[in-house]
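Residue-level structure breakdown
Here is how the chains run, residue by residue.
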Amino acid sequence: MKSAIAIAGLALTLTTGGALAAPVGLGSTPTAETAVIQVHGVHWTCQSGPAGWHKSYRNGARVACRAPRPSGIWWTWRTDGGRSGWYHRRERRWN
């Protein structure tokens, strides 16, 4: 009887031991190698990013550009405050 209780206790200890363990490196600050760095990414089409409308090449070079022009005669490129893009003059809306 004592051996059955001992085996059950040992099994319980082995199964819950990992759940109670603290993660390795708890309390340490992340370094440049381990920290996640958010980037805008490399893209070959014109997109609005932190530096305005641009596209980038494989080597990471940034080239300024505009988004493709929508069809119709009322669209004009407009900059208003921090926003830039195609604006429909007649309907007074942004694309």
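Thresholds applied
In this convention, every chain numbers its residues from 1, walking through the sequence in written order. Only residues with pLDDT of at least 70 are given local features in this predicted model, and only at 80 or more are side-chain atom pairs given and counted; all residues enter the totals for whole chains, interfaces and linings. Side-chain measures here rest on the full set of heavy atoms in the structure, leaving out hydrogens and waters. Excluding any residue in a salt bridge, patches collect residues exceeding 30% relative accessible area, merging like charges within 9 Å and nonpolar Val, Leu, Ile, Met, Phe, Trp and Tyr side chains within 5 Å. With residues, only the protein chains shown are counted as cover, and all accessible areas are computed by Shrake-Rupley using a 1.4 Å probe. A carboxyl oxygen of Asp or Glu within 4 Å of a side-chain nitrogen of Lys or Arg is what we treat as a salt bridge. Under the DSSP-based scheme used, a helix requires at least four consecutive residues in state H or I and a strand at least two consecutive residues in state E, with every element numbered from the N terminus. Here the term buried applies to any residue with accessible area under 20% of the maximum for its type, exposed to any over 50%, and partly exposed to those in between, with areas from a 1.4 Å probe on protein chains only. A pair of strands counts as paired when DSSP detects no fewer than two bridges linking them. Aromatic rings from Phe, Tyr and Trp, with only the six-membered ring used for Trp, were paired whenever their centres fell within 6.5 Å, and each pair was classed as stacked if the ring planes differed by under 30 degrees, edge-to-face if by over 60, and tilted otherwise. To sit over a ring, a charge needs its Lys NZ or Arg CZ within 6 Å of the ring centre and within 35 degrees of the ring normal.

On the surface, a cluster of nonpolar side chains totalling about 330 Å² of accessible area is made up of Val42, Trp44 and Tyr57. Mapped onto the fold, tyrosine 57 is located in the loop between strand 2 (52-56) and strand 3 (62-64). Take tyrosine 57: its relative accessible area is 36%, and that puts it in the partly exposed class.

It is worth spelling out the pairing of strand 5 (residues 83-88) at this point. As defined by bridge partners, strand 4 (residues 75-80) adjoins strand 5 across six bridges and the pair is classed as antiparallel. The residue of strand 5 that forms the bridge with tryptophan 75 is histidine 88. Hairpin connection, strand 4 to strand 5: the antiparallel pair is bridged by two residues, and glycine 81 has positive phi, about 70°. Linking strand 5 to strand 6 (residues 93-94), which pair antiparallel, is a turn of four residues; within it arginine 92 sits at a positive phi near 50°.

Before going further, it helps to spend a moment on the pattern of salt bridges. If you walk through the whole model with that rule in mind, you get one salt bridge. A salt bridge links glutamate 91 to arginine 93; the shortest N-O distance between them is 2.5 Å. You can call glutamate 91 partly exposed: its relative accessible area is 47%. Arginine 93 gets classed as partly exposed once you look at its relative accessible area, which sits at 38%.

This brings us to the packing of aromatic side chains. Counted by the stated rule, this structure contains three aromatic pairs. Ring geometry for tryptophan 53 against tryptophan 77: centres 6.1 Å apart, planes inclined by 70°, an arrangement best described as edge-to-face. A residue pair is termed long-range when its members are at least 10 positions apart, and tryptophan 53 in strand 2 and tryptophan 77 in strand 4 qualify at 24 residues. Classification of tryptophan 53 as partly exposed rests on a relative accessible area of 22%. In this structure an aromatic cluster arises from ring pairing among Trp53, Trp77 and Trp86. Lying across the ring of tyrosine 87, arginine 78 places its NZ or CZ 4.2 Å from the centre.

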